[in-house]
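# Architecture at a glance
If you want the building blocks of each chain, they are given just below.
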Amino acid sequence: MICSPPDIFPDNLPPPFYTSEIAKFFAEHPSSYLCTPKSPFRSTGYSVSKRGNSRRTFSVIHPVIAHDLAEFLQLRGQELDALFQVPQPSLSIPKHTPDGRRAIEIASHGELEAARLDRLSGCRFVAKTDISRFYHSIYTHSVPWAFHGKEKAKSDRKYDSTDVYFNRLDFILRQSQDGQTIGIPVGPDASRYIAELVSTAIDRRFAVFCGRDRLHSPR
């Protein structure tokens, strides 16, 4: 799988917490999607300190949700990878790293800062923005909108649609938080793909607004 069960935990969770037995179970009992409309789950919050004496909340998701996220990425990961290969300035494109520390990795903060200096140091003016609580504020219905387009996604809202198949990902995300539509899990590797999909859609809309085919600044 692209996102294996051992990487369902946030990477800053203490070592005593592990999921090797869950991974072994799913490997020995392969199956399709496990979520049903009658079985919503709730993630467990995990708070850690960050710079500036503030804290950040991560998510420990139910194994069934982890399985279904991995199942979806296994089926649709190549389509997402192809979408992310379209020329764009993003440095957060997730990469499958079977031999890495995590199954899915993105550019480090150090790489991001180096790219900013390289690309923006010659600019006279720089516009900078930040999305507060990005993962926590993503509207789950915007996930199929980002891939299929808003009109097409709204015309077919079935969670098991074969045409608007990213509805399934929307459904899994909602089932991970008791049916709520606001926010995606913070910490699991699969969320990096979801965040990049939404961010790519934002970049494209912004480029159209600016009257340009592509942007040149990193994010």
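This text follows the structure it describes.
Scope of this entry: the structure provided in the associated data block.

All right, on to the layout of surface pockets then. Gaps between atoms show up when a probe of the same size as a water molecule is rolled over them. Quantified by volume, the second largest pocket comes out at close to 320 Å³. Around the second largest pocket, the lining comprises 13 residues; the ones closest to its centre are W145, A146, A201, I202 and R205. Of all the secondary-structure elements, those providing two or more residues to the lining of the second largest pocket are helix 5 (142-148) and helix 8 (190-209). Top contributing element to the lining of the second largest pocket by residue count: helix 8, with 7 residues.

Evaluated as defined, the whole model comprises 7 salt bridges. The residue D178 makes a salt bridge to R42 at a minimum N-O spacing of 3.0 Å. One end of the pair, D178, is in the loop between helix 7 (167-175) and helix 8; the other, R42, is in the loop between helix 1 (20-28) and strand 1 (44-50), and 136 residues separate them in sequence. One salt bridge in this structure joins D170 and R174, with 3.0 Å as the shortest N-O distance. Placement of the pair is D170 and R174 together in helix 7, with a separation of 4 residues, close to one helical turn.

Below, the discussion takes up the packing of aromatic side chains. Counted according to the given criterion, the structure contains 9 aromatic pairs. Judged by centre distance (4.9 Å) and plane angle (85°), the rings of F72 and F166 are edge-to-face. Here F72, found in helix 2 (residues 63-84), pairs with F166, found in the loop between helix 6 (150-155) and helix 7; they are 94 residues apart in sequence, far enough to count as distant. Neither F72 nor F166 differs from the other in exposure class; each is buried.

A cluster of basic side chains, namely K150, K154, R157 and R205, defines a positive patch on the protein surface. Within the secondary structure, R157 is located in the loop between helix 6 and helix 7. For R157, a relative accessible area of 62% puts it in the exposed group.

A few words now on the packing of helix 2 against helix 8. Running from N to C, helix 2 and helix 8 cross one another at 35°; their axes reach a closest spacing of 11 Å. Considering how the two elements wind past one another, helix 2 and helix 8 form a crossing that is left-handed. When helix 2 is examined against helix 8, the residues L69, L73, L80, D81, L83 and F84 are found in contact with a partner set consisting of A190, Y193, I194, E196, L197, T200 and R204. Looking at side-chain class alone, the contact of helix 2 with helix 8 contains 9 nonpolar, 1 polar and 3 charged residues.

Counting residues in each nonpolar core, the largest one holds 40 residues, and the members touching the most others are L69, V143, F166 and L169. Elements that contribute at least two residues to this core include exactly strand 1, strand 2 (54-60), helix 2, helix 4 (134-137), helix 7 and helix 8. Looking at which element gives the most residues to this core, the answer is helix 2, with 9 residues. Not counting chain neighbours up to four residues away, the residues in contact with F166 comprise F72, R76, L80, V143, P144, F147, H148 and L197.

Right, let's talk about unusual backbone geometry for a bit. Positive phi is not limited to glycine here, since R133 has a value of about 50°. Here R133 lies in the loop between helix 3 (109-120) and helix 4. Located in the positive-phi region is D178, a residue other than glycine, with phi close to 60°.

About the thresholds
- Residues numbered from 1 in each chain as written.
- Predicted model: local features only at pLDDT ≥ 70, side-chain atom pairs only at ≥ 80, totals over all residues.
- Heavy atoms only, no water.
- 1 Å grid on protein atoms, 1.4 Å probe; cavity = no way out; pocket = protein on both sides within 12 Å on 5 of 7 lines; lining within 4 Å.
- Points joined across faces, edges and corners; volume = space filled by probe spheres on them.
- Helix = DSSP H or I, 4+ residues; strand = E, 2+ residues; numbered from the N terminus.
- Salt bridge = Lys/Arg side-chain N within 4 Å of Asp/Glu carboxyl O.
- Phe/Tyr/Trp six-rings, centres within 6.5 Å; stacked < 30°, edge-to-face > 60°.
- Buried < 20%, exposed > 50% of the residue type's maximum accessible area, 1.4 Å probe, protein only.
- Patch = residues over 30% accessible without salt bridge, like charges linked within 9 Å, V, L, I, M, F, W, Y side chains within 5 Å.
- Areas by Shrake-Rupley, 256 points an atom, 1.4 Å probe, with all protein chains shown as cover.
- Lys, Arg positive; Asp, Glu negative; His and termini not counted.
- Charge placed at Lys NZ, Arg CZ, Asp CG, Glu CD.
- Axes fitted to C-alpha atoms, helices over the stretch in contact; angles between N-to-C directions.
- Left-handed = near helix turned anticlockwise from the far one by under 90°.
- Contact = heavy atoms within 4.5 Å.
- Nonpolar A, V, L, I, M, F, W, Y, C, P; charged D, E, K, R; others polar.
- Core = buried A, V, L, I, M, F, W, Y, C linked by side-chain atoms within 4.5 Å.

Shape is all these values report; function is a separate question.
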